[in-house]
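Report on the structure
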Amino acid sequence: YLETMGVTELAIEAHEKGEAEHETIHQIDFADNRFRIKKVSRVTDLDLELTLGEEFRQNMPGDRVKTVLATSECPGQEVRIESRMPTMNGVANVVDVKSLVREGDLLILVQTLTITNELTGKQHTTTRYFVPHQGEIGAPAATAKDSEGKSRRSSGVGRMLGADMDDDEED
């Protein structure tokens, strides 16, 4: 997906190395009319709460605005998050569908992430599988940044979901 947005090969390699060396942890709360996600990773920390059906607007540096809209046909089991965000290399349209799926006795989260570069029309879809995690989560890497690009260090305890594996497709 980074290639879709015109990110350099060197930056992509550094990002992939960071993801391979540090787990990404998601704490997700689905409710009837809201969705909250707290993500702790080497690259970016995020804490976002959305009300289903209401557009969220975030001001970014340089008079740029990111918009996010979460909807669900089955609240508590799936959510569709549509984002439009200006980047250094154009505007990214992202469709992020998160669904809870039962695999035997295990409940997993399946994420299908599709990013489209408005300028080039290039599109990429990634499917990720997250497994439940119990226990304390250590401090994020010193390189982790929050949604405003500031360095952030924290820890948490509770039911979390951690990345297991990725399946990528180019469109």
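Below or above, wherever it landed, is the structure these notes cover. (Residues numbered from 1 in each chain as written. Predicted model: local features only at pLDDT ≥ 70, side-chain atom pairs only at ≥ 80, totals over all residues. Heavy atoms only, no water.)

**Focus: the nonpolar core**
I28, F30, F35, L50, A70, V79 and I81 are the most contacted members of the largest nonpolar core, which totals 13 residues. Of all the secondary-structure elements, those providing two or more residues to this core are β1 (25-30), β2 (34-40), β3 (46-51), β5 (64-71) and β6 (78-87). Apart from residues no more than four positions distant in its own chain, V79 is found in contact with F30, F35, L52, A70, T71, S72, D96, V97 and K98. (Core = buried A, V, L, I, M, F, W, Y, C linked by side-chain atoms within 4.5 Å. Buried < 20%, exposed > 50% of the residue type's maximum accessible area, 1.4 Å probe, protein only. Helix = DSSP H or I, 4+ residues; strand = E, 2+ residues; numbered from the N terminus. Contact = heavy atoms within 4.5 Å.)

**Quick word on the pairing of β2**
Direction of pairing for β1 relative to β2: antiparallel, over a ladder of 6 bridges. From the neighbouring strand, I25 faces β2, where its bridge partner is V40. As defined by bridge partners, β2 adjoins β3 across 6 bridges and the pair is classed as antiparallel. Residue pairing for β3: R36 is matched across the bridge by E49. (Pairing = 2+ DSSP bridges.)

**A closer look at the pairing of strand β8 (residues 106-117)**
The buried count for β8 comes to 9 of 12 residues, which makes it a mostly enclosed element. In the sheet, strand β7 (residues 90-103) pairs with β8 via 12 bridges, with the strands oriented antiparallel. Across the sheet, residue V101 finds its bridge partner in β8, namely I108. Linkage of β7 to β8, two consecutive antiparallel strands, is achieved through a turn of 2 residues, within which G104 is found at a positive phi near 65°.

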